[in-house]
Amino acid sequence: MLAQQGIESGVVGAAMTGPLIVAPTGDPDPPALSLVVPTLKERENIVDFLAEVRRALDAALPGRYEVIVVDDDSPDGTCEVAAGLMDGFPELRVVRRRNEGGLAVAVIRGWQLSRGEMLGTINADFQHPPAVLPRMIERMAEADLVVATRHGDGGSLGDWGPVRRFSSWGASCIGRMLLPPVFARVSDPLSGCYFVRRQAIQGVELKPLGYKSLMEVMVRGDVRRIRECGYEMRKRSRGQSKVHALHPLQYVRHVWRLRAAARKRAP
Ligand SMILES: Nc1nc2c(ncn2[C@@H]2O[C@H](COP(=O)(O)OP(=O)(O)OP(=O)(O)O)[C@@H](O)[C@H]2O)c(=O)[nH]1
Ligand SMILES: [Mg+2]
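Residues numbered from 1 in each chain as written. Chains lettered and ligands numbered in written order. Predicted model: local features only at pLDDT ≥ 70, side-chain atom pairs only at ≥ 80, totals over all residues. Heavy atoms only, no water.

Where helix α5 (residues 162-178) contacts helix α9 (residues 246-265), the two axes come as close as 10 Å, and the packing angle between them is 20°. Taken together, the axes of α5 and α9 lie roughly parallel to each other. Regarding α5 and α9, the two cross each other, and that crossing is right-handed. Along its contact with α5, which presents Ala-171, Ser-172, Ile-174, Gly-175, Met-177 and Leu-178, the element α9 presents Tyr-251, Val-252, Val-255, Trp-256 and Arg-259. Along the lines of polarity and charge, the residues of the contact of α5 with α9 split into eight nonpolar, two polar and one charged. (Axes fitted to C-alpha atoms, helices over the stretch in contact; angles between N-to-C directions. Helix = DSSP H or I, 4+ residues; strand = E, 2+ residues; numbered from the N terminus. Parallel < 35°, antiparallel > 145°, perpendicular 65-115°, else oblique. Left-handed = near helix turned anticlockwise from the far one by under 90°. Contact = heavy atoms within 4.5 Å. Nonpolar A, V, L, I, M, F, W, Y, C, P; charged D, E, K, R; others polar.)

The following block contains the structure:
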């Protein structure tokens, strides 16, 4: 099975290559949830973060989830530290990616290796509090997509400073202008924490660019019922942000690309 999927054997698997298509789960008794945690230089956060995720998921879905860390060969040893936790944490898998980069692609590569009926993602720097996960799981009972939001259902930008608030507002304005079908449907389409039903995206080729995967899922997937779940965003307290000057450009290119795809799909 692993060889078929293009994964190296060993404790730390290597990410898949080829088109970004999530296949139906091949597992006759699949876990309810596969949660992907993309990481790049998160050594200072990863141990505490995974412990908190585990506490939240053990309470909500005992024995019925998997967590997949997709690390881009971080030079600070994040991958090795995470892999060192696997012995005492059977639900954890750690994947090292060397052949490509990009946050949104990392998330999909993780889902390609997953078996769950619900797919999810969350950042490793505590900006999305793991305590939101059980509420999101509850809301998936009646949804294809649950988005952790900073802009609705009691969510907020918390202790974010004016520069980040302004850049987030600017990105939303661009999105509302160029991609109204997505930006009108959810209050926080730029969220990096959400769950989607595997069935809603399986078999569809995804083509994200840069940081944002949720817009991609909403445009190319078959997402009908959407729920939101508010949370308070926090400033990163440990480790460094990987946001760089190219990201806004990638974002605009990605939104343009999705605009064309959305138009093609429109009835
Ligand atoms: N695998 C992988 N993970 C990434 C990459 N870039 C960022 N990440 C991870 O994705 C998550 C979000 O990245 P951040 O740098 O925190 O981005 P952000 O939350 O928008 O920015 P800050 O508010 O400044 O922290 C974190 O868990 C990062 O470690 C990447 O290129 N590959
Ligand atoms: Mg962050």
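Back to the write-up after that little detour.
All right, on to the coordination of the magnesium ion (ligand 2) then. Coordination angles at a metal have ideal targets, namely 109.5 degrees for four tetrahedral donors and 90 or 180 degrees for six octahedral donors. Protein-derived ligands of the magnesium ion (ligand 2) are Asp-125 (OD) and Gln-127 (OE1), with the metal-ligand distances lying across 1.8 to 1.9 Å. Gln-127 matches Asp-125 in its accessibility class, with the two residues each being buried. (Donors = N, O, S within 2.8 Å, 3.2 Å for Na, K, Ca; no water. Buried < 20%, exposed > 50% of the residue type's maximum accessible area, 1.4 Å probe, protein only.)

Positionally, Asp-144 belongs in the loop between α4 (133-139) and β6 (145-149). Only 2.9 Å separates the side chain of Asp-144 from the backbone nitrogen of Arg-224, close enough to count as a polar contact. When near neighbours in sequence (up to four residues on either side) are disregarded, Asp-144 contacts Phe-195, Val-196, Arg-197, Val-223, Arg-224 and Arg-225. (Polar contact = N/O pair within 3.5 Å; in protein donor to acceptor, adjacent residues only side chain to side chain.)

Our focus in this paragraph is the packing of aromatic side chains. Counted according to the given criterion, the structure contains three aromatic pairs. Plain terms: the ring middles of Phe-49 and Phe-126 are 5.4 Å apart, the flat faces sit at 80° to each other, and that makes the pair edge-to-face. With Phe-49 in helix α1 (residues 43-60) and Phe-126 in the loop between β5 (118-121) and α4, this pair connects stretches of sequence that are 77 residues apart. Measuring from centroid to centroid gives 6.0 Å for Trp-111 and Tyr-194, while their planes differ by 85°, and the two rings are edge-to-face. Taken together, the residues Trp-111 in helix α3 (residues 103-112) and Tyr-194 in strand β7 (residues 194-197) connect sequence positions 83 residues apart. For the pair Trp-111 and Tyr-194, one class covers both residues: buried. When the ring centre of Trp-160 is taken as reference, the NZ or CZ atom of Arg-164 above it lies at 4.6 Å. (Phe/Tyr/Trp six-rings, centres within 6.5 Å; stacked < 30°, edge-to-face > 60°. Lys NZ or Arg CZ within 6 Å of the ring centre and 35° of its normal.)

What follows deals with the site of ligand 1. Near ligand 1, the surroundings consist of 19 residues, among which Glu-42, Asp-125, Gln-127, Arg-236 and Ser-241 are the closest. A distance of 3.0 Å separates an oxygen atom of ligand 1 from a polar backbone atom of Leu-40. Residue Glu-42 places a side-chain N or O atom 2.6 Å away from an oxygen atom belonging to ligand 1. Isolated, ligand 1 exposes 640 Å² of accessible area, and the fraction of that covered by the protein chains is 93%. For the shell around ligand 1, the elements supplying multiple residues, two or more each, are β2 (33-39) and α3. Residues of the shell around ligand 1, tallied by class, amount to eight nonpolar, five polar and six charged. (Near = heavy atom within 4 Å. Areas by Shrake-Rupley, 256 points an atom, 1.4 Å probe, with all protein chains shown as cover.)

Our next topic: the pattern of salt bridges. Any two side chains of opposite charge can pair, given that their charged atoms come close. Summed over the entire model, instances satisfying the criterion amount to 22 salt bridges. The residue Lys-242 makes a salt bridge to Glu-42 at a minimum N-O spacing of 3.1 Å. Of the two residues, Lys-242 sits in the loop between β8 (226-230) and α9 while Glu-42 sits in the loop between β2 and α1, which places them 200 residues apart along the sequence. Its relative accessible area of 5% is what places Glu-42 among the buried residues. A salt bridge links Arg-98 to Asp-73; the nearest nitrogen and oxygen atoms lie 3.1 Å apart. Taken together, the positions of Arg-98 in the loop between β4 (92-96) and α3 and Asp-73 in the loop between β3 (65-71) and α2 (78-83) put the pair 25 residues apart, joining distant regions of the chain. Exposure remark for Arg-98: the relative accessible area of 58% places this residue in the exposed category. (Salt bridge = Lys/Arg side-chain N within 4 Å of Asp/Glu carboxyl O.)

This next bit is on α1. Taking 1.5 Å per residue, 18 residues should reach 26 Å; α1 reaches 26 Å between its end C-alpha atoms and fits that length. For α1, the complete set of buried residues consists of Asn-45, Ile-46, Phe-49, Leu-50, Val-53, Ala-56 and Leu-57. Looking at the buried positions of α1, the neighbouring elements they touch are β2, β3, α2, β4 and α4. (Expected span 1.5 Å × (residues − 1).)

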